[in-house]
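Descriptive analysis of the structure
If you want the building blocks of each chain, they are given just below.
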Amino acid sequence: MHKVLLVGDGAVGSSFAFSLLQHGGVDDLVIVDIRADHAHGDAIDLEDVTPMMAPAQVHAGTYQDAADATSLLLLRVFRARPMNHAWISSIRTLPF
């Protein structure tokens, strides 16, 4: 079983989660975000499309829900400089 913890459910995280499910290989996807209601809504949307792709369990949760995860995806967006409006995206994949 391949369980993935995705931390950061903004535009990049949401798109990455969709792509991950589209390509298969994930049995369980746990989405964690500081905005828990946003992560929950995104998980529901992603669950709706999984019957058309590889079957997977998708849900919003906490770090404790993914204690047995096999992969960790950290997706974050940060400002390059305090006054710069250009956003930089950073993706890190850490296998356990």
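These lines cover the structure that appears in this document, whether it is placed above or below. Since the model is a prediction, treat every value here as computed from it, not as a measurement.

Remarks on helix 2 (residues 36-49)
Compared with an ideal rise of 1.5 Å per residue, which puts 14 residues at 20 Å, helix 2 spans 20 Å between its outermost C-alpha atoms and is within 8% of the ideal. Residues of helix 2 that are buried sit in contact with helix 1 (11-23), strand 2 (28-32) and strand 3 (57-60).

Details of the nonpolar core
Counting 15 residues, the largest nonpolar core has Leu 6, Leu 21, Leu 29, Ile 31, Leu 46 and Val 58 as its most contacted members. Elements represented by at least two residues in this core include exactly strand 1 (3-7), helix 1, strand 2, helix 2 and strand 4 (71-79). Tallying contributions element by element places helix 2 first for this core, with 3 residues. Ignoring sequence-local partners within four residues, the contact set of Leu 46 consists of Ala 17, Phe 18, Leu 21, Ile 31 and Val 58. Counting 7 residues, the second-largest nonpolar core is a separate cluster that includes Leu 5, Val 7, Val 30 and Ala 66.

Cut-offs used in this document
Residues numbered from 1 in each chain as written. Predicted model: local features only at pLDDT ≥ 70, side-chain atom pairs only at ≥ 80, totals over all residues. Heavy atoms only, no water. Helix = DSSP H or I, 4+ residues; strand = E, 2+ residues; numbered from the N terminus. Expected span 1.5 Å × (residues − 1). Contact = heavy atoms within 4.5 Å. Core = buried A, V, L, I, M, F, W, Y, C linked by side-chain atoms within 4.5 Å. Buried < 20%, exposed > 50% of the residue type's maximum accessible area, 1.4 Å probe, protein only.

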